[in-house]
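Analysis of the macromolecular model
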Amino acid sequence: MKIIEKNVVHTSKKFDLALHRIVTRTGETIERGFIDHPGSVVLIPRLADGRVVMVRQFRHPCRETFLELPAGTADWGEALEVTAIRELAEETGYRAGRLERVFDMFPLPGASNEKMAFFRCLDLLEGPVAREIDEEMTVECWPLADLLAKIETGEIRDGKTIVGLWHEAKLTTVVSGSAAGPPK
């Protein structure tokens, strides 16, 4: 496919709505709309005692409150490592002594070019939160096993959080020498 025209039909603070005109391999011209996104981060903050730092926040599109891993959208052109440092401090107040990028994923490749980078945040130091005006959340610290149980009961339903916690469970069991993986 060859892109012959690019248009931004709407611009918002966190992403744009784009429309591309494309010539297909058969020579037909089609239009494809999608969310043009600068990228985002998902943080897996681990305290020294092993608990995971989570946020409980209201999500307007779903009109529900979710228990989630901290996360955030990059500013256009911002390195995702910089976004991770900023979002961790903004949402939780913690600063990471060590930041490890563990994997990337595309959460909705049929509708968006958003790349979501997952970071383990270790050697945490507590500090003040600096939330944006529209961020209303509370910080909660949970044992990983309890969070995995909350996935099974349906209390945790946020996709990025489920993926991040399952990956963390896999990492934790590999490091500890156990063959057990994420819950089935």
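That block above? That's the structure.
Residues numbered from 1 in each chain as written. Predicted model: local features only at pLDDT ≥ 70, side-chain atom pairs only at ≥ 80, totals over all residues. Heavy atoms only, no water.

Details of the sheet that holds strand β9 (residues 116-126)
Selection criterion: Here a strand pair is declared whenever DSSP counts at least two bridges between the two strands. Secondary structure elements are defined from DSSP: runs of H or I of at least 4 residues count as helices, runs of E of at least 2 residues count as strands, and each element is numbered from the N terminus. Axis definition: a line fitted to C-alpha atoms, limited for helices to the stretch in contact. Angles are taken between N-to-C directions and run from 0 to 180 degrees. Contact definition: two residues touch when any of their heavy atoms are within 4.5 Å.
Taken in spatial order, the 4 strands make up an open sheet running β7-β4-β9-β8, and their pairing is mixed. The open sheet terminates on both sides in strands that have one partner only, identified here as β7 (71-73) and β8 (94-105). Neighbour-to-neighbour, the strand axes of the sheet open up by a mean angle of 25 degrees, direction not taken into account. Pairing of strand β4 (residues 40-45) with β7, which is carried by 3 bridges, proceeds in the antiparallel orientation. Bridge pairing in β7 links V41 to G72. Relative to β8, helix α1 (residues 80-92) is tilted by about 125 degrees, and along the sheet it contacts β4, β7, β8 and β9.

As for the pattern of salt bridges
Where we set the bar: Salt bridge criterion: a side-chain nitrogen from Lys or Arg within 4 Å of a carboxyl oxygen from Asp or Glu.
This model, assessed by the stated rule, comprises 19 salt bridges. Here E87 and R86 are joined by a salt bridge, their closest N and O atoms 2.7 Å apart. In this structure, D104 and R101 form a salt bridge, with 2.9 Å as the shortest nitrogen-oxygen distance. If you follow the salt bridges from partner to partner, you end up with R46, R98, E100, R120, D123 and E168 in one network.

Describing the nonpolar core
Within soluble globular proteins, side chains that are nonpolar generally end up buried alongside one another. Note the cut-off: Among the buried residues, those of types Ala, Val, Leu, Ile, Met, Phe, Trp, Tyr and Cys that are joined through side-chain atoms within 4.5 Å form a nonpolar core. Exposed residues in this analysis have more than 50% of their type's maximum accessible area, buried residues have under 20%, and partly exposed residues fall in between, with area computed by a 1.4 Å probe over protein chains only.
The biggest cluster of nonpolar side chains holds 18 residues, and the ones touching the most others in it are V52, M54, L69, L147, I156 and L165. For this core, the secondary-structure elements that each account for two or more residues are β4, β5 (52-59), β9, α2 (144-153) and α3 (159-176). At 4 residues, α2 tops the list of elements feeding residues into this core. Counting 13 residues, the second largest nonpolar core, distinct from the first, contains V53, A84, F119 and L124.

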